[in-house]
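This is what each chain is made of:
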Amino acid sequence: MKRLLVGGMTYTPTGFFPLDVLIEDGRVVRIGRELSRSDSPAVLDCSGKYIVPGFADVHVHLREPGFSYKETVATGTAAGARGGYTALCSMPNLNPPPDTPEHLAVQLEAIRRDARIRVYPYGCITMGQTGRGEVTDMAALSQAGAVAFSDDGKGVQQEERMHEAMERAAALGQMIVAHCEDESLLTGGWIHEGVYAAAHGHKGISSASEWKQVERDLKLAEETGCRYHVCHVSTKESVELIRQAKARGVRVTCETGPHYLVLCDEDLQEDGRFKMNPPLRGKEDRDALIAGLLDGTVDMIATDHAPHSAEEKGRGLEKSLMGIVGLETAFPVLYTHLVLPGVLTLEQLVERMSVRPRQVFGLAGGLEPGQPADLAVLELTEEYEINPGTFLSMGRATPFAGWKVRGRNTMTMVEGQIVWQE
């Protein structure tokens, strides 16, 4: 089947231009000016809109198997499609955790059955995804379909375990994707050890609990030659360590989340929808993350979409579980608060949300001839209010509830098929 998208401003590596997009048999065939409509049975008018490669999120919790009361593959990928995402990497804190090919197969079956967009599952670094156990059989998990290896939610605590994991991953040409958290530096806190914690009597989480493990892992990555990716960077120290490591030639990439780029601990409220791990840090950390995004130290933006039930997020700032949802709010929040004020260009935002994640993780899809036609069509002018009650995700906890934003996805395609439309 052929489809022709006409009238839109289309993303290219050199900017947005008024170009039509011809799709045939699920792939982009041609991008050009005023392509002929005569041989295309399906012409889609994108006038006034922007055609972009579908977003790719390398850090998402789909909760299935094991925690389907929070989210399922069906609801999580529906939320992703609505948000303009065509590819998600699914984190391994599941039951059973994907620490063997047999356990990974349970998740893969749910993905085959219910996923609306592409889903790439992680395999665990350690057995049981404990951050302390025996290192998994990475070769077997890679062959079974693991995109990379992570114990997200747990930092690998023993240096020798992480060294072993990196050696195995390097031998396979695979990547270690690390949640960096030194448990010996935790003191039972639940928000950043900063101004809000001091003013309101909350127990804080130190920045060192993150950056000290980043520092350790960068040394190990340099020793082993492993490809190493740092999850949800939140501190200025982590940004600087990664910047220096890149300058030395260490094979490191990293991500940060939308909430760390537009909020800080001074924005906290006594509400579970402001609680996540790592926590919202100080203004200087937020500014360092933006600077890192601009100079390429921070490679990409990932949501860390982490749905919980209403009861689990309704216990206040101290007692609620860690995690917020983000697939349906990431683009509008970042477009409104980074692109419109001139901090980033729209091209830079698309590059960080779509192009760079695909490059680093080897994900399919894009917006160039020969690639699978995984696209999103964006409307950028109309203002609206973020309303969690309309989310397709089962999770509703977001610090952005009630925010007035611009920029929304109106249509998502995977392999030329419409998987969501406004």
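Everything below is about the structure printed above this text.
Residues numbered from 1 in each chain as written. Predicted model: local features only at pLDDT ≥ 70, side-chain atom pairs only at ≥ 80, totals over all residues. Heavy atoms only, no water.

**Here we look at the side chain of D265**
As a reminder, the rule being used: Only DSSP runs of H or I with at least four residues qualify as helices, and only runs of E with at least two residues qualify as strands; both kinds are numbered from the N terminus onward. The cut-offs for exposure are 20% and 50% of the maximum accessible area for each residue type, with area from a 1.4 Å probe on protein chains only; residues under the lower value are buried, those over the upper are exposed, and the others partly exposed. We score Asp and Glu as negative and Lys and Arg as positive, and we do not count His or the chain ends. By definition, a salt bridge exists where a carboxyl oxygen of Asp or Glu is found within 4 Å of a side-chain nitrogen of Lys or Arg. The criterion used for residue contact is that any of the two residues' heavy atoms lie within 4.5 Å.
Mapped onto the secondary structure, D265 falls in the loop between α8 (258-262) and α9 (283-295). Buried charge D265 goes without a salt bridge, the closest partner of opposite sign being R286 at 8.3 Å. Dropping the residues within four chain positions of it, D265 is found in contact with H192, G194, V195, Y196, L280, R281 and G282.

**A word on the packing of helix α11 (residues 330-339) against helix α12 (residues 346-361)**
To keep it simple, the criterion reads: Helix axes are fitted to C-alpha atoms over the stretch in contact, other axes to C-alpha atoms as well, and angles between N-to-C directions run from 0 to 180 degrees. Helix crossings get a hand from a simple test, with the near helix turned counterclockwise from the far one by less than a right angle marking a left-handed crossing and a clockwise turn marking a right-handed one. Charged means Asp, Glu, Lys or Arg here, nonpolar means Ala, Val, Leu, Ile, Met, Phe, Trp, Tyr, Cys or Pro, and polar covers whatever is left, Gly included.
It is at 10 Å that the axes of α11 and α12 come closest, and there the two elements cross at 145°. The interaxial crossing formed by α11 with α12 has right-handed handedness. Judged by residue contacts, A330, F331, L334, Y335 and V339 of α11 engage L346, L349 and M353 from α12. Its residues assigned to classes, the contact of α11 with α12 shows eight nonpolar, no polar and no charged.

**Details of the environment of P279**
Position of P279 relative to the elements: it lies in the loop between α8 and α9. Taking the C-alpha atoms as reference points, P279 and I125, 154 residues apart in sequence, are found 23 Å from one another. Residues in contact with P279, not counting those within four places in the same chain, are I191, H192, I205, S234 and Y260.

**Quick look at the nonpolar core**
A general feature of soluble globular proteins is that nonpolar side chains tend to end up buried together. Just so we agree on the cut-off: Here, the term nonpolar core denotes a set of buried Ala, Val, Leu, Ile, Met, Phe, Trp, Tyr and Cys residues that are joined through side-chain atoms within 4.5 Å.
The biggest cluster of nonpolar side chains holds 103 residues, and the ones touching the most others in it are L5, I176 and Y228. A per-element tally of this core places α11 first, with seven residues. Ignoring sequence-local partners within four residues, the contact set of L5 consists of D20, V21, I23, L44, C46, I51, L375, V377 and M413. Residues V58, Y120, V177 and A302 belong to the second largest nonpolar core, which totals 17 residues.

**Some details on the packing of helix α6 (residues 208-224) against helix α7 (residues 236-248)**
Relative orientation and spacing of two packed helices are given, respectively, by the angle between their axes and the distance between those axes. Operational definition: Any angle that falls under 35 degrees is termed roughly parallel, while one over 145 is termed roughly antiparallel, one within 65 to 115 roughly perpendicular, and all others oblique.
Two numbers describe how α6 lies on α7: the axes approach to 9 Å, and their chain directions differ by 10°. When the axis of α6 is compared with that of α7, the two are roughly parallel. The way α6 lies across α7 gives a crossing that is right-handed. Here E210, W211, V214, E215, L218 and E222 of α6 come into contact with α7, specifically with E237, S238, L241, I242, A245 and R248. The residue makeup of the contact of α6 with α7, split by class, is six nonpolar, one polar and five charged.

**Things to note about the pairing of strand β10 (residues 118-121)**
Short version of the rule: We call two strands paired when DSSP finds no fewer than two bridges between them.
Covered by surrounding structure in β10 are R118 and Y120 together with V119 and P121, the residues of both alternating faces. Pairing of strand β9 (residues 85-90) with β10, which is carried by four bridges, proceeds in the parallel orientation. Across the sheet, the residue bridging to A87 is R118, located in β10.

**Details of the sheet that holds strand β2 (residues 9-12)**
Adjacent strands of a sheet pair through backbone hydrogen bonds, lying either parallel or antiparallel. Taken in spatial order, the six strands make up an open sheet running β3-β2-β7-β17-β18-β19, and their pairing is mixed. Since the sheet does not close on itself, it has two edges, and those belong to β3 (15-18) and β19 (417-421), each with one partner. Averaged over neighbouring strand pairs, the angle between their axes works out to 35° when direction is ignored. Taken strand by strand, α11 contacts β17 (375-385) and β18 (404-414), and its axis lies near 135° from that of β18. Contacts from α12 reach β2, β3, β7 (50-53) and β17, with the element oriented near 35° to β7.

This is a description of form; function is not addressed.
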